[in-house]
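What follows is each chain in one-letter form.
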Amino acid sequence: MAFTKLFFASIYEPKKMAAFRLLSIGKVIQYIFIFITLITIFSFIQFVFGINNQSSSIVGLIEYIEGMAWILFPFAFILQFVMSTLFVFSRISILALVGFYLLKLLNRRGDYRHVWRTAAFAYTVPTILSFILLFLGIGDTIIFLVTHSLSFTYLYLALTYYPAK
C-alpha cells in the first residue's frame, strides 16, 4: 500500500486503520519514519526562521550564527530528527498500551503488536493538528489535551472494528 493511501486512510477511515494491524511491521515503521522526516523538515524550517527572527535584534549574534551556520544547521537537523523519533515512538507505545487495555475492556481480540500498529496510524491526525495549533500560537497545555484526546478517540474508533472474542 502506498504512503499516500495509508495517510488518507488514517485520517478518515477507522475501519481501514483497524485492518492496518495486519500490515507488516516494516511497512508501519516505514510510514512512521516518512512521517517523522516530514515533521522534522517542518520543525527545522521553523527553527531556521525562528533563529533568523530572534537574532535580528542582536547584531553580534547575527554574525556568529552566520559564521557557524554550516555546522549549526546540520547538527540541529540531526538532533531534531533523533528527538522527534524518540518522541513519536514513545507516544505511540504509550498510546498502544492504553489501547491494549481498552481492547480488553471492549472484549475484542488482538495483541499489543496489533494495537501498536493501529496506534501508529491513529497518531497521524493529532500530530498534524498539533503543528497547526503550534503555528497558530495556541498554548502547549491545550495542544497536549487536544492531541491526546484526539489520539484516544481515533484509536478507540479503530479498536471497535477489531474482531470480537
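None of the values given here were measured: they were computed from a predicted structure. (Residues numbered from 1 in each chain as written. Predicted model: local features only at pLDDT ≥ 70, side-chain atom pairs only at ≥ 80, totals over all residues. Heavy atoms only, no water.)

So, about a nonpolar patch on the surface. Taken together, I34, L38, I41, F42, I45 and F49 make up a surface patch of nonpolar side chains, about 530 Å² in accessible area. In this fold, I34 is placed in helix α3 (residues 25-55). (Patch = residues over 30% accessible without salt bridge, like charges linked within 9 Å, V, L, I, M, F, W, Y side chains within 5 Å. Areas by Shrake-Rupley, 256 points an atom, 1.4 Å probe, with all protein chains shown as cover. Salt bridge = Lys/Arg side-chain N within 4 Å of Asp/Glu carboxyl O. Helix = DSSP H or I, 4+ residues; strand = E, 2+ residues; numbered from the N terminus.)

For the rest of this paragraph, the subject is the pattern of salt bridges. For the structure shown, the criterion picks out 2 salt bridges. K16 is the salt-bridge partner of E13, the closest N and O atoms lying 3.7 Å from each other. Residue D111 pairs with R113 through a salt bridge whose shortest N-O separation is 3.5 Å. Classification of D111 by relative accessible area gives partly exposed; the value is 37%. (Buried < 20%, exposed > 50% of the residue type's maximum accessible area, 1.4 Å probe, protein only.)

The next point concerns the confidence of the model for the protein chain. Across the protein chain, pLDDT averages 86, with 88% of residues at or above 70. Of all the helices and strands in the protein chain, α3 carries the lowest mean pLDDT, 82, while helix α5 (residues 112-122) carries the highest, 94. (pLDDT = per-residue confidence, 0-100.)

Let us look at the layout of surface pockets. For the largest pocket, the calculated volume is near 540 Å³. Residue lining of the largest pocket: 20 residues in total, with I39, F87, S130, F131 and L134 positioned closest to the centre. Sorting the residues of the lining of the largest pocket by element identifies α3, α4 (59-105), α6 (124-135) and α7 (140-159) as the ones contributing at least two each. No other element matches α4, which puts 6 residues into the lining of the largest pocket. Broken down by class, the residue content of the lining of the largest pocket amounts to 10 nonpolar, 8 polar and 2 charged. (1 Å grid on protein atoms, 1.4 Å probe; cavity = no way out; pocket = protein on both sides within 12 Å on 5 of 7 lines; lining within 4 Å. Points joined across faces, edges and corners; volume = space filled by probe spheres on them. Nonpolar A, V, L, I, M, F, W, Y, C, P; charged D, E, K, R; others polar.)

Taken as a whole and judged by the stated rule, the model has 13 aromatic pairs. Ring centres 6.1 Å apart and planes at 10° place the aromatic pair Y31 and F35 in the stacked group. Taken together, the positions of Y31 and F35, both in helix α3 and 4 residues apart, correspond to about one turn of that helix. Judged by its relative accessible area of 9%, F35 falls in the buried class. Here the aromatic rings of F44 and F73 are separated by 6.0 Å at their centres, their planes lie at 90°, and the arrangement is edge-to-face. Placement of the pair is F44 in helix α3 and F73 in helix α4, with a sequence separation of 29 residues. Since its relative accessible area comes to 19%, F73 is described here as buried. Of the aromatic side chains, those joined through ring pairs into one cluster are F3, F7, F8, F20, Y31, F35 and F121. (Phe/Tyr/Trp six-rings, centres within 6.5 Å; stacked < 30°, edge-to-face > 60°.)

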